[in-house]
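Summary of the model geometry
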Amino acid sequence: MASSSQHIPVTIVHGNKKHSVTVGTSSPDGLPTLHNLRAEAQRVTGIPAAAQRLIFKGKTLSNPNQMLCEVGIEPDSRVMVIGQKPQDDPAIQTVQSIVQRADSAQSRLHTLTEEVRGVANGFIPADLRAEALKRQSRQCAGIGEDLMKAVESLDAMSIDASREAARAKKKSAVRHIQAILDRVDSLSSQISTLQAQR
């Protein structure tokens, strides 16, 4: 065993790309582990360590604390990395699509808010006010329904713990949509108040 830190050259294969790396360690025993290899794989492929599947000689390497020499990795060995970069994750793409729908609803909400403000400020003739508020109430309810469908779509998504970026994106999307829903509720209350006024 080496008394100083050991560095092992390894070829990381991901898809049709090959990356030559040198796996080192900062541990006291000086021997690189699978954890060190995962860090190098993340650096060259962009795949988060938690989302990687390392394969060496047909076997999946899963214990990050194992030393490379324990699994048979020697200088110039080839290790295959399987996994997806966060931006390639289909779950992230699905979340982004749902957020786009929510943003479209938010845009409609902004326009509707301006229309309701116009009614509240008396910019519509009194004889048309009741009908305008009724229409605006229906539009507000429709926007709320669209946003609730978006939240339901997000809730229906099952994303495993290893896909941290997708889980974070989903959580952020739910908060974003919830904030828009709060504005919908506020506008709906404002419309109800205006309808109650004579």
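Residues numbered from 1 in each chain as written. Predicted model: local features only at pLDDT ≥ 70, side-chain atom pairs only at ≥ 80, totals over all residues. Heavy atoms only, no water.

1. With respect to the sheet that holds strand β4 (residues 59-61)
What counts here: Paired strands, in this sense, are two strands between which DSSP finds at least two bridges. Helix numbering and strand numbering both begin at the N terminus, where a helix is a DSSP run of H or I of at least 4 residues and a strand a DSSP run of E of at least 2. For helices, the fitted line uses only the C-alpha atoms of the stretch in contact; every axis is such a line through C-alpha atoms, and the angle between N-to-C directions lies from 0 to 180 degrees.
Spatial ordering of the open sheet is given by β2-β1-β5-β3-β4, a layout of five strands whose pairing is mixed. Lying at the two open borders of the sheet, with one neighbouring strand each, are β2 (17-23) and β4. Strand-to-strand, the axes of this sheet are offset by a mean angle of 35 degrees, without reference to chain direction. In this structure, strand β1 (residues 8-14) lies alongside β2, joined through seven bridges in antiparallel fashion. Each residue of the ladder has a partner; that of Ile-8, found in β2, is Val-23.

2. Remarks on the nonpolar core
Counted only if it meets this: Buried Ala, Val, Leu, Ile, Met, Phe, Trp, Tyr and Cys residues that are joined via side-chain atoms within 4.5 Å together make up what is termed a nonpolar core. The rule is simple: take the accessible area with a 1.4 Å probe, protein chains only, and divide by the maximum for that residue type; under 20% is buried, over 50% is exposed, in between is partly exposed. Any two residues having at least one pair of non-hydrogen atoms within 4.5 Å are treated as being in contact.
Within the largest apolar cluster, 30 residues are counted, with the highest numbers of intra-cluster contacts made by Ile-143, Leu-147, Leu-154, Met-157, Ile-177 and Leu-187. Of all the secondary structure elements, the ones that give two or more residues to this core are α2 (90-120), α3 (126-156) and α4 (164-196). With eleven residues, the top contributor of residues to this core is α2. If we skip the residues at most four places from it in the chain, Ile-177 touches Ile-98, Ala-102, Leu-147, Ala-150, Val-151 and Leu-154.

3. Points about α3
Since the α-helix advances by 3.6 residues per turn, residues separated by three or four positions end up pointing in the same direction. Applied cut-off: Given a helix with a known number of residues, its expected span is that number minus one, times 1.5 Å.
Here α3 contains 31 residues, and its C-alpha end-to-end distance of 45 Å stays within 8% of the 45 Å for a straight helix at 1.5 Å per residue. Among all positions in α3, only Arg-129, Ala-132, Leu-133, Gln-136, Cys-140, Ile-143, Gly-144, Leu-147, Ala-150, Val-151 and Leu-154 are buried. Where α3 is buried, its residues contact α2 and α4.

4. Some points on the confidence of the model for the chain
Should the pLDDT be low somewhere, the predicted coordinates at that spot are not to be read in detail. In plain terms, the rule: pLDDT is a residue-level measure of predictor confidence that goes from 0 to 100.
Within the chain, residue pLDDT values average 90, and 94% of them lie at 70 or more. The lowest-confidence element of the chain is helix α1 (residues 34-45), averaging 91 in pLDDT; the highest-confidence one is α3, averaging 95.

5. What about the packing of α3 against α4?
Test applied: Each angle is binned into one of four classes, with values under 35 degrees roughly parallel, values over 145 roughly antiparallel, values of 65 to 115 roughly perpendicular, and all other values oblique. A crossing counts as left-handed when the near helix is turned anticlockwise from the far one by less than a right angle, and as right-handed when that turn is clockwise. The classification used treats Ala, Val, Leu, Ile, Met, Phe, Trp, Tyr, Cys and Pro as nonpolar, Asp, Glu, Lys and Arg as charged, and all other residues, Gly among them, as polar.
Direction vectors running N to C along α3 and α4 enclose 160 degrees, while the axes themselves pass 9 Å from each other. Relative to α4, the element α3 lies roughly antiparallel. The way α3 lies across α4 gives a crossing that is left-handed. Partitioned by chemical class, the residues of the contact of α3 with α4 number 17 nonpolar, five polar and four charged.

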